[in-house]
Amino acid sequence: MTASRPLLTALYGDHGDRPDALVVAGSATSREGLLAAAGAVARRIAGAPAVAVHATATLETVVAVVGGLLAGVPVVPVPPDAGPAERGHILADSGAVEAPPVDLAESAAFEGPEPGPDTTALLLYTSGTTGAPKGVLVPRRAIAADLDALAGAWEWTAQDTLVHGLPLFHVHGLVLGVLGALRTGSRLVHTGRPTPQAYAEAGGSLYFGVPTVWGRVAAEPEAAKALAGARLLVSGSAPLPAPVFRDLEALTGQRPVERYGMTETLITVSTRASGERRPGSVGLPLPGIRTRIAAQPGEEIGELQLTGPTLFDGYLGRPEATTASYTEDGWFRTGDIAAVDPDGMHRIVGRASTDLIKSGGYRIGAGEVENALLDHPAVREAAVVGAPHADLGQEIVAYVVAEGVTERELIDFVAGHLSVHKRPRKVRFLAELPRNAMGKPQKKLLPPA
Ligand code: MLC
Ligand code: AMP
């Protein structure tokens, strides 16, 4: 049997190294230093069922994640601001042990073999429409296939300097934004926070952002103009508004590349570095990905379904949820509504369920926020929706039937129980929730936020 090609190819061999090959929130390391510190982590955790990493935007997080990947132990990134309810659920559901404290100065070689391609690399917790987040099993082969496809689509090489400031507990910031650099060999500058000033100062060639970040960059012309010399500005995780696309083009001379993905599928559709970039279009399927639109007869838009090598291995411990996410003939149901233009370019036009909210690029289940609100003793009923919002795409609005509690108290209650980004930005108090004749709450009858 031949040994597998390393997932993090650029950590080995002849990719060139420098003392600041990786910079995260101002701390720098070489690839050699990263490999050595991660080796020490790998030795300690080898054989664990899974390892939970408190995923702050720091070099320590990168070291802990790489340590897990070296040892073949599934890594469970935990949002650093997760409150007790969310953290407790993730730890109990995954059975992960806490990662040992990381010492950047430590150095140890990890001698174990490269884990096989079917090994789970990451266990990413993500929200559905109802209930607590589910653990998405992401195998190494899916990450390798996705990063190689993206490297081709974006002409992403070791000559690039990748810049972003996205959270390190989701696909965008962690898989593309960290593992991508460690596979392609590009330098990585993580800015700590994704602010326009930090992006402007970083001097990169390849930039990643969610639409909220690009909207904020476009609103600061001086910062935006500093990106004129970059090779590629990439947007994803939520729809990039056409005005932001146009403002970026006017300020930087660059048409942004938009790509589409999900935790369960990784990135599956993208415009190409060498191809057409059109506002409102996420481009063409990546090599190996097949897509289809499940449209009603006579209609052109419908659910986007796909197959390919980048798909997940199911939801941990939820076989029925895994089965339900596929059609009978084996296509993954994204839940996104899309259309394909005659030239093959894909457009995402909405979501099948209004109970999955995208705010600032974060995916948030209405049911999880409703359950958190109902845990407050003063709340009798709760309905949560995503309302259109210029900066965040959608903002979380909660409608509650409650007495003796203020809007601020409920916002802080959710921020403290779940993650800060899952907090409602507005709470509206109602005498009762609108219901149909069967007594089922009717979100479409809620008053405007
Ligand atoms: C505010 N804060 C509170 C609080 N209210 N803290 C405690 N309790 C409260 N009630 C604090 C926060 O802790 C934080 O502090 C600060 O306020 C800012 O919080 P915010 O207002 O929520 O941040 P905001 O500026 O709105 O964030 C915008 C953003 C963020 C774009 C930076 O939304 C973001 O990082 N989005 C990226 C999401 C992402 O990566 N998604 C990818 C999913 S993968 P402090 O001290 O920290 O400043 C995917 C696949 C794919 O979708 O296709 O890519
Ligand atoms: P997540 O699981 O957090 O990665 O969120 C996945 C969801 O993000 C998808 O189902 C889409 O609804 C949304 N999404 C990601 N990229 C895009 C994009 N470029 N345009 C529109 N929606 C997107």
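Note that the coordinates shown come from a computational prediction; the quantities given were computed from them, not determined experimentally.

A. Structural view of the nonpolar core. Core analysis: the largest hydrophobic core is formed by 92 residues, its most contacted members being Val-66, Leu-122, Ile-143, Trp-154, Leu-179, Phe-208 and Trp-214. Non-local contacts of Trp-214, meaning those with residues more than four positions away in its chain, are made with Tyr-199, Tyr-207, Phe-208, Gly-209, Leu-227, Leu-233, Val-234, Ser-235, Leu-240, Val-244 and Leu-248. In terms of nonpolar packing, the next biggest core, distinct from the first, is built from 23 residues, Ile-357, Tyr-362, Val-369 and Ala-372 among them.

B. The arrangement of the site of ligand 1 in detail. With respect to spatial proximity, 24 residues lie near ligand 1, and among them Arg-193, Ser-237, Arg-259, Gly-360 and Asp-412 are the closest. A distance of 2.6 Å is found between an oxygen atom of ligand 1 and a side-chain nitrogen or oxygen belonging to Ser-237. At 2.9 Å from an oxygen atom of ligand 1 is found a side-chain nitrogen or oxygen belonging to Lys-358. Across the complex, the protein chains shield 71% of the 1100 Å² of accessible surface that ligand 1 would expose by itself. Among the elements of the structure, α5 (171-184), α7 (211-218), β12 (257-262) and α12 (407-417) are those that each provide at least two residues to the shell around ligand 1. Here the element with the most residues in the shell around ligand 1 is α12; it accounts for 3 residues. Taken together, the residues of the shell around ligand 1 sort by class into 9 nonpolar, 7 polar and 8 charged. In terms of domain composition, the shell around ligand 1 takes at least three residues from each of domain 1 (9-270) and domain 2 (354-445).

C. Representation of the pattern of salt bridges in the model. Under the counting rule described, the total for this entry stands at 30 salt bridges. Between Asp-391 and Arg-216 there is a salt bridge whose closest N-O contact spans 2.7 Å. Taken as a pair, Asp-391 in the loop between β21 (379-389) and β22 (393-402) and Arg-216 in helix α7 lie far apart in primary sequence, 175 residues in all. Owing to a relative accessible area of 28%, Asp-391 belongs among the partly exposed residues under this scheme. On the basis of relative accessibility, which here comes to 41%, the residue Arg-216 falls in the partly exposed class. Via salt bridges that share partners, Glu-276, Arg-278, Asp-341, Asp-343 and Arg-347 belong to a single interconnected network.

D. Structural context of empty space enclosed by the protein. Across all of its chains, the model carries 2 cavities of 30 Å³ or more by this definition. Of the voids in this model, the largest cavity is the one considered here, and its volume is about 130 Å³. Along the walls of the largest cavity sit 14 residues, with Pro-79, Glu-86, Tyr-125, His-170 and Lys-422 positioned nearest its centre. For the lining of the largest cavity, the elements supplying multiple residues, two or more each, are α3 (84-94) and β6 (120-126). Residues belonging to the lining of the largest cavity are distributed by class as follows: 6 nonpolar, 5 polar and 3 charged. Empty space within the second largest cavity amounts to approximately 50 Å³. Looking at the second largest cavity, the residues that line it are Leu-7, Leu-8, Leu-11, Tyr-12, Leu-69, Leu-70, Glu-114 and Arg-140.

E. Examining the sheet that holds strand β2 (residues 27-29) more closely. Read from one edge of the open sheet, 9 strands run β2-β1-β9-β8-β10-β11-β12-β13-β14, paired in mixed fashion. Strands with a single pairing partner mark the edges of an open sheet, and in this sheet they are β2 and β14 (284-285). Across 2 bridges, the pairing between strand β8 (residues 161-164) and strand β10 (residues 206-209) is parallel. Note that in β10 the partner of Leu-162 across the bridge is Leu-206. Lying on the sheet, helix α4 (residues 140-154) is in contact with β10, β11 (232-235), β12 and β13 (266-270); it crosses β13 at an angle near 30°.

F. Representation of the site of ligand 2. Taken together, 16 residues form the shell around ligand 2, and within it Arg-259, Thr-263, Asp-336, Arg-351 and Arg-363 come nearest. Thr-263 places a polar side-chain atom, nitrogen or oxygen, 2.7 Å from an oxygen atom of ligand 2. For ligand 2, an oxygen atom lies 2.9 Å from a polar atom in the side chain of Lys-358. Taking 500 Å² as the accessible area of ligand 2 by itself, protein coverage stands at 93%. Every element with two or more residues in the shell around ligand 2 is listed here: β12 and β18 (346-351). If one sorts the elements of the shell around ligand 2 by residue count, β12 sits on top with 5 residues.

G. The arrangement of the sheet that holds β18 in detail. Pairing in this open sheet of 4 strands is antiparallel, and the strands run β15-β16-β17-β18 from one edge to the other. With one partner strand each, in any of the chains shown, β15 (290-295) and β18 form the two edges of the open sheet. For this sheet, the mean inter-axis angle between neighbouring strands, taken without regard to orientation, is 50°. When strand β17 (residues 332-340) meets β18, the two strands line up antiparallel, connected through 5 bridges. Residue pairing in the sheet places Val-340 in a bridge with His-346 of β18.

H. View of the packing of α7 against helix α9 (residues 242-252). Contact pair α7 / α9: the axes reach a minimum separation of 9 Å and the direction vectors enclose 45°. Between α7 and α9, the angle is such that the two are oblique. Considering only the axes of α7 and α9, their crossing is left-handed. Across from Trp-214, Gly-215, Val-217 and Ala-218 in α7, the residues of α9 making contact are Val-244, Asp-247, Leu-248 and Leu-251.

Calculation criteria
- Residues numbered from 1 in each chain as written.
- Chains lettered and ligands numbered in written order.
- Predicted model: local features only at pLDDT ≥ 70, side-chain atom pairs only at ≥ 80, totals over all residues.
- Heavy atoms only, no water.
- Core = buried A, V, L, I, M, F, W, Y, C linked by side-chain atoms within 4.5 Å.
- Buried < 20%, exposed > 50% of the residue type's maximum accessible area, 1.4 Å probe, protein only.
- Contact = heavy atoms within 4.5 Å.
- Near = heavy atom within 4 Å.
- Polar contact = N/O pair within 3.5 Å; in protein donor to acceptor, adjacent residues only side chain to side chain.
- Areas by Shrake-Rupley, 256 points an atom, 1.4 Å probe, with all protein chains shown as cover.
- Helix = DSSP H or I, 4+ residues; strand = E, 2+ residues; numbered from the N terminus.
- Nonpolar A, V, L, I, M, F, W, Y, C, P; charged D, E, K, R; others polar.
- Domains from an automatic or database assignment.
- Salt bridge = Lys/Arg side-chain N within 4 Å of Asp/Glu carboxyl O.
- 1 Å grid on protein atoms, 1.4 Å probe; cavity = no way out; pocket = protein on both sides within 12 Å on 5 of 7 lines; lining within 4 Å.
- Points joined across faces, edges and corners; volume = space filled by probe spheres on them.
- Pairing = 2+ DSSP bridges.
- Axes fitted to C-alpha atoms, helices over the stretch in contact; angles between N-to-C directions.
- Parallel < 35°, antiparallel > 145°, perpendicular 65-115°, else oblique.
- Left-handed = near helix turned anticlockwise from the far one by under 90°.

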